[in-house]
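A closer look at the structure
The residues making up each chain are set out below.
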Amino acid sequence: MSAARRAGLVAAAVAVVLVAGCSGGPTPTPSATSPQVVAGWRRLPDPAPGARVRAAVEIGGRTLVVGSVPSGDGRTPAAWTTTNGQQWQRISTRPVTPYGSLADLVMVARDGDRVAAFGQAYGGAHSNPRPTTWTLDLTEATPAFVEHEQSFTLLGGEDAIGVTALSARPAGGFLLTGDWTARTGRYGAAVWTAQDGVTWTRRADAAGLASAPGEQTTARGATAGPGGFVVVGSALGSGVPPSQPLTWTSPDGVSWRRHALPVPESLKQDGAVASAASCDAVGCLVAGSSQGSAQRPIRWTVDQGGHPTRPAAVGPPAGLTQATAIQRVGPSAYVLETVDHVLRLEEIPGTGATARSVLLPVRSRQGALGVVAGRLLLAATDGLWLRDGSVSGRATGGASG
């Protein structure tokens, strides 16, 4: 290659970086003549040595992933973008608190030109997770994740139980879900709202969301659709079922309506919980599981108002089961869950189709899903994998959508 040709390619690469608006240079990746392919998944190069990817979101034609990288004896927050999963562009992070410097970014959501992230660092007298909040402005010339210090008791402190999910809806701002000790003294589901991702307001006593006398509500997952926010979880009580799976819907994150999800008759003595959801223009897919010793995966389809639209689909007994994420890719929805602390993936090819198991390339205890260049991304504890083919196993349940 001539020197002029080489110089032209370098200039073009620099121009791409400036248009993308990201700081830093591309992470060098080794040339691989034969990339690792396992069960229809292709191993992607790590964004950086020792990188841990915890969540992903699409931003235009790119994919943004967040997590952390090694730093000294611990970790430090990190984020990258990519268009193909082969070349990664580092996004700078600007922590302003000591825990922010040690945080692992574990959740991310996008509302238009603004992205919010939630980070955790472990420390203090009891080594509890210390929450941190971040935003990224995509309109800036060199976008960076900036931490915004919050009061200690907004997301933590003696009344905190946990933060479970982060969601956003276009022009509707951001929503965090979790559990809190309300003014009534009862534990229950709670939400935090922020129009800009910077200034958060906790709502732990919202009617329909907080625990009523004789029960304890809990929020496990959140998403957004055309009608507003959708939160999923359960109410633990003394009736039948003892654990009632629920959805809550809200147009603005302030006022909430509660909806019970049906529990099949054979599972009513154990009850169930909903823990993940994803919505499109038609309705929402909700994933959860029965409770008890022999847990079974359950899938519900609900409309934009949170009302069930068909009978629940129940899979075979699996062990300790928890749905953690749902990712849509084209007409398919993919449900990621842990079974006895090991990841399992199901594909639901389309409305009314039978769920089927998808072989995973590695055995992992933890993972997240995303989309890169129109393909399913799996961020496992053993690196990043992109699904190349449609390699599926046996059917795992009845009709779902």
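On a predicted model such as this, the values are computed, not experimentally measured, just so you know. (Residues numbered from 1 in each chain as written. Predicted model: local features only at pLDDT ≥ 70, side-chain atom pairs only at ≥ 80, totals over all residues. Heavy atoms only, no water.)

**Brief notes about the sheet that holds strand 16 (residues 228-236)**
Here four strands make up an open sheet; going across it, the order is 15-16-17-18 and the pairing antiparallel. With one partner strand each, in any of the chains shown, strand 15 (216-225) and strand 18 (257-260) form the two edges of the open sheet. For this sheet, the mean angle separating the axes of adjacent strands, direction not counted, is 25°. As paired strands, strand 15 and strand 16 are joined by nine bridges and run antiparallel to one another. Note that in strand 16 the partner of Ala219 across the bridge is Gly233. (Pairing = 2+ DSSP bridges. Helix = DSSP H or I, 4+ residues; strand = E, 2+ residues; numbered from the N terminus. Axes fitted to C-alpha atoms, helices over the stretch in contact; angles between N-to-C directions.)

**Observations regarding the packing of aromatic side chains**
This model, assessed by the stated rule, comprises one aromatic pair. Centre to centre, the rings of Trp180 and Trp192 are 5.8 Å apart; their planes meet at 80°, and the pair counts as edge-to-face. Linking Trp180 in strand 12 (residues 173-181) with Trp192 in strand 13 (residues 187-194), this pair joins segments that are 12 residues apart in sequence. As far as the burial class goes, Trp180 and Trp192 line up, both buried. (Phe/Tyr/Trp six-rings, centres within 6.5 Å; stacked < 30°, edge-to-face > 60°. Buried < 20%, exposed > 50% of the residue type's maximum accessible area, 1.4 Å probe, protein only.)

**Structural notes on the sheet that holds strand 2 (residues 41-43)**
Strand order in this open sheet of five strands is 1-2-29-28-27, and the pairing throughout is antiparallel. Each of the sheet's edge strands pairs with one partner strand only, and the pair in question is strand 1 (37-38) and strand 27 (367-372). Bridge count for strand 1 against strand 2 is two bridges, and the pairing is antiparallel. Bridge assignment links Val37 to a residue of strand 2, and that residue is Arg42.

**Digging into the nonpolar core**
Within the largest apolar cluster, 18 residues are counted, with the highest numbers of intra-cluster contacts made by Phe118, Leu155, Val163, Leu166, Leu176, Trp192 and Trp200. Mapped by element, the contributors of at least two residues to this core are strand 7 (104-111), strand 8 (114-123), helix 3 (152-155), strand 11 (160-169), strand 12 and strand 13. In contact with Leu166, not counting residues within four places along its chain, are Met107, Val108, Ala109, Ala116, Ala117, Phe118, Leu175, Leu176 and Trp200. Core analysis: the next-biggest nonpolar cluster, separate from the first, contains 16 residues, Ala55, Ile59, Val108 and Leu136 among them. (Core = buried A, V, L, I, M, F, W, Y, C linked by side-chain atoms within 4.5 Å. Contact = heavy atoms within 4.5 Å.)

**Regarding the environment of Leu209**
Counting through the fold element by element, Leu209 comes out in the loop between strand 14 (201-203) and strand 15. Each C-alpha atom, one on Leu209 and one on Thr247, is 9.6 Å from the other, the two residues being 38 residues apart in sequence. With sequence-adjacent residues up to four places away left out, Leu209 is seen in contact with Ala189, Ala190, Val191, Arg203, Thr217, Trp248 and Trp256.

**Some points on the confidence of the model for the protein chain**
On average, the protein chain scores 87 in pLDDT, and the residues at 70 or more come to 86%. For the protein chain, per-element mean pLDDT is lowest for helix 1 (residues 3-20), which scores 36, and highest for strand 10 (residues 144-148), which scores 98. Long-range and interchain partners of residues 1-33, a stretch whose pLDDT sits below 50, account for 34 contacts in this model, where long-range means more than four residues apart. (pLDDT = per-residue confidence, 0-100.)

**Side note on the pairing of strand 17 (residues 243-250)**
Counting buried positions along strand 17 gives eight out of eight residues, so the element sits mostly inside the fold. Residues Ser243, Pro245, Thr247 and Thr249 of strand 17 are buried on one face, and the alternating residues Gln244, Leu246, Trp248 and Ser250, pointing to the opposite face, are buried as well. As defined by bridge partners, strand 16 adjoins strand 17 across eight bridges and the pair is classed as antiparallel. Across the sheet, the residue bridging to Val232 is Thr247, located in strand 17. Hairpin connection of strand 16 to strand 17: six residues between the antiparallel strands. Of the pairings in the sheet, the one linking strand 17 to strand 18 comprises four bridges and is antiparallel in character. Across the sheet, the residue bridging to Leu246 is Ala260, located in strand 18. If you look at the hairpin formed by strand 17 and strand 18, you'll find six residues sitting between the two strands, and Gly253 has a positive phi there, around 85°.

**Description of the pattern of salt bridges**
Within this structure, the stated rule accounts for 12 salt bridges. Here Arg42 and Asp388 are joined by a salt bridge, their closest N and O atoms 3.2 Å apart. In this pair, Arg42 sits in strand 2 while Asp388 sits in the loop between strand 29 (383-387) and strand 30 (392-399), placing the two residues 346 residues apart along the sequence. The salt bridge involving Glu337 is made with Arg344; its shortest N-O contact spans 2.6 Å. Grouping residues by exposure puts Glu337 and Arg344 together as buried. Residues joined by salt bridges that share partners form a network here, namely Arg299, Glu337, Arg344 and Glu346. (Salt bridge = Lys/Arg side-chain N within 4 Å of Asp/Glu carboxyl O.)

**Thoughts on the environment of Arg257**
Here Arg257 lies in strand 18. Along the primary structure Arg257 and Gly305 are separated by 48 residues, whereas in three dimensions their C-alpha atoms are 8.8 Å apart. Leave out the neighbours within four places in its chain, and Arg257 touches Thr247, Trp248 and Thr249.

**Topic: the environment of Gln87**
With respect to the helices, strands and loops of the structure, Gln87 is situated in the loop between strand 5 (74-82) and strand 6 (89-94). Looking at Gln87, the relative accessible area reads 43%, which means it is partly exposed. It is 8.1 Å that separates the C-alpha atoms of Gln87 and Pro45, two residues lying 42 residues apart in sequence. With residues near it in sequence (within four places) discarded, Gln87 still touches Thr81 and Thr82. In terms of polar contacts, Gln87 uses its side chain to reach the side chain of Asn84, at 2.8 Å. (Polar contact = N/O pair within 3.5 Å; in protein donor to acceptor, adjacent residues only side chain to side chain.)

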